[in-house]
Amino acid sequence: MLTKVIEQTKIDHFTKWIERADKIVIVSHVSPDGDAIGSSLGLWHFLYSQDKAVNVIVPNAFPDFLKWMPGSKEILLYDRYRDFANKLIAEADVICCLDFNGLKRIDAMADAVETSSARKMMLDHHPYPDEFCDITISHPEISSTSELVFRLICRMGYFSDISKDGAECIYTGMMTDTGGFTYNSNSQEIYFIISELLSKGIDKDAIYRKVFNTYSESRLRLMGYVLSKMKVYSTYNSALISLTKEEQGNFDYIKGDSEGFVNIPLSIKNVCFTCFLREDTEKPMIKISLRSVGKFPCNKFAAEFFNGGGHLNASGGEYFGSMEEAVKVFEQGLEKYEILLKF
Ligand code: 5GP
Ligand code: MN
């Protein structure tokens with residue numbers, strides 16, 4: 001049995017909406033990751049099985065290693081089909097906001113979602129949710145939004161309507177947001193849920209291979225390159241890796257090729273805080289990814305220095321300036337946070 005994490009009143013409220021709704025839109029955050037796509041498609045499969053007109057819309061493209069997911073071809077990219085997406089958002093009865101906690105995280109879609117007269121529900125696990133939804137289901141203690149999707153559907157009384165396809169999507173999101181169940185994954189109930197998903201016929205080992213073992217040769221060579229020039233700050237138990245636009249060009253970089261790089265330096269003994277700086281190819285900015293193990297608050301660091309946020313152990317942000325400047329800002333941050341980085 002699972003603990004009743006989501007409040008009953010919210011379940012009842014949302015169930016009523018869904019019973020009455022015809023048109024439903026599911027939206028998730030910019031540069032969607034495994035949990036954004038997994039949770040959105042997990043909910044999409046369920047609502048589709050209830051004969052709803054339901055669409056998933058995300059601001060921009062998602063990585064190739066998620067394109068095998070059942071239903072992924074139906075996902076609408078806002079930056080490509082803006083007018084059609086705007087129409088769906090404006091005409092929706094219900095909008096489900098999955099895996100993000102503030103309109104800023106859906107970029108160019110924010111206006112359309114904010115001004116739509118649809119009822120809005122947030123289902124998310126990022127701390128400090130903004131108030132833009134009528135129902136806010138926010139559980140930072142839960143390691144993925146996909147897990148929350150499973151919990152929501154079950155509590156609505158529809159476990160039997162979760163299909164194998166839906167279960168695969170939910171599993172993928174749970175797996176990617178915990179690094180293949182290597183962090184934020186000590187809750188016993190995660191494994192109860194996995195066992196329920198296995199009962200739907202999913203092949204969890206195949207899913208692991210499809211997500212984590214399908215990289216290109218150039219990605220592996222790129223990984224070797226960034227690690228060879230990694231900076232380790234042993235006094236601060238920290239490390240930094242970076243990638244400029246020019247370097248991306250040298251390795252035939254495609255979106256997603258640097259996914260997960262930020263975690264690698266955490267495998268060095270005593271390193272508990274890592275930063276990955278990547279020059280963006282679309283906007284004139286440096287995209288920041290931060291990871292920590294233990295109590296070091298990446299989200300505080302991201303908010304203070306890089307106009308970002310996120311979870312305690314996994315956060316991100318943006319820096320408008322040169323790579324050299326971004327590295328300097330990071331190093332100043334290390335000095336300021338020295339006490340928290342020593343043990
Ligand atoms: P990643 O490093 O995988 O891009 O992001 C890790 C986490 O950091 C995300 O799940 C999200 O919570 C947060 N995050 C990433 N980029 C941003 C950003 O620009 N702003 C905010 N507020 N959070 C971010
Ligand atoms: Mn997530």
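Use the structure listed above.
Residues numbered from 1 in each chain as written. Chains lettered and ligands numbered in written order. Predicted model: local features only at pLDDT ≥ 70, side-chain atom pairs only at ≥ 80, totals over all residues. Heavy atoms only, no water.

K.L.:
Can you walk me through the nonpolar core in this structure?
P.N.:
Most often, soluble globular proteins have nonpolar side chains that are buried together. Counting 54 residues, the largest nonpolar core has F14 and L152 as the members making the most contacts within it. If near-sequence neighbours (up to four positions away) are discounted, F14 is found in contact with V94, C96, M121, I135, L152 and M156. Residues L240, C272, I286 and Y319 belong to the second largest nonpolar core, which totals 25 residues. (Core = buried A, V, L, I, M, F, W, Y, C linked by side-chain atoms within 4.5 Å. Buried < 20%, exposed > 50% of the residue type's maximum accessible area, 1.4 Å probe, protein only. Contact = heavy atoms within 4.5 Å.)

K.L.:
How should I be thinking about the packing of helix α11 (residues 298-306) against helix α12 (residues 323-336) in this particular structure?
P.N.:
For any two helices packed against each other, the geometry comes down to the angle between their axes and how far apart the axes lie. The geometry of α11 relative to α12 is characterised by a closest axis approach of 11 Å and an angle of 130 degrees between their N-to-C directions. Relative to α12, the element α11 lies oblique. Of the two elements, α11 crosses α12, and the hand of that crossing is right-handed. Packed against α11, whose contacting residues are F301, E304, F305 and F306, the element α12 presents A326, V329, F330, G333, L334 and K336 at the interface. When grouped by side-chain class, the residues that make up the contact of α11 with α12 number seven nonpolar, one polar and two charged. (Axes fitted to C-alpha atoms, helices over the stretch in contact; angles between N-to-C directions. Helix = DSSP H or I, 4+ residues; strand = E, 2+ residues; numbered from the N terminus. Parallel < 35°, antiparallel > 145°, perpendicular 65-115°, else oblique. Left-handed = near helix turned anticlockwise from the far one by under 90°. Nonpolar A, V, L, I, M, F, W, Y, C, P; charged D, E, K, R; others polar.)

K.L.:
I keep staring at the environment of I162 and nothing clicks. Help me out?
P.N.:
Here I162 shows up in the loop between α5 (145-155) and α6 (164-176). Spatially, the C-alpha atoms of I162 and H45 are 7.7 Å apart, while their sequence positions differ by 117 residues. If near-sequence neighbours (up to four positions away) are discounted, I162 is found in contact with F150, I153, A167 and K200.

K.L.:
What is the right way to look at the side chain of S146 in this model?
P.N.:
Mapped onto the secondary structure, S146 falls in helix α5. A polar side-chain atom of S146 sits 3.1 Å from the main-chain amide nitrogen of S39. Sequence-distant contacts of S146, that is, excluding residues within four places in its chain, are made with D35, G38, S39, C169, I170, G173 and M174. (Polar contact = N/O pair within 3.5 Å; in protein donor to acceptor, adjacent residues only side chain to side chain.)

K.L.:
Sorry if this is basic, but what is going on with α11 here?
P.N.:
Residues that lie three or four places apart on an α-helix share one face, since the helix turns once every 3.6 residues. Among the residues of α11, C298, N299, F301, A302, F305 and F306 are the ones counted as buried. The buried residues of α11 all sit within an arc of 160 degrees when viewed along its axis, so they share a single face. Against the buried residues of α11 lie β9 (273-279), β10 (286-292), β11 (309-310), β12 (314-319) and α12. (Arc of directions from axis to C-beta.)

K.L.:
Is there a simple way to think about helix α8 (residues 204-212) in this case?
P.N.:
Where α8 is concerned, the buried positions are A206, I207 and V211. Along the axis of α8, the buried residues cluster in a sector spanning 130 degrees; they form a single face. Those residues of α8 hidden inside the fold are in contact with α6.

K.L.:
Would you take a moment to explain the packing of aromatic side chains for this structure?
P.N.:
Aromatic ring pairs are defined here through the distance separating the ring centres and the angle between the ring planes. A full pass over the atoms with the stated rule returns 23 aromatic pairs. Taking 5.1 Å as the distance between ring centres and 55 degrees as the angle between the ring planes, the aromatic pair formed by F46 and Y158 counts as tilted. Of this pair, F46 sits in helix α2 (residues 34-49) while Y158 sits in the loop between α5 and α6, placing them 112 residues apart in sequence. Residue classification places F46 among the buried residues on the basis of a relative accessible area of 2%. (Phe/Tyr/Trp six-rings, centres within 6.5 Å; stacked < 30°, edge-to-face > 60°.)

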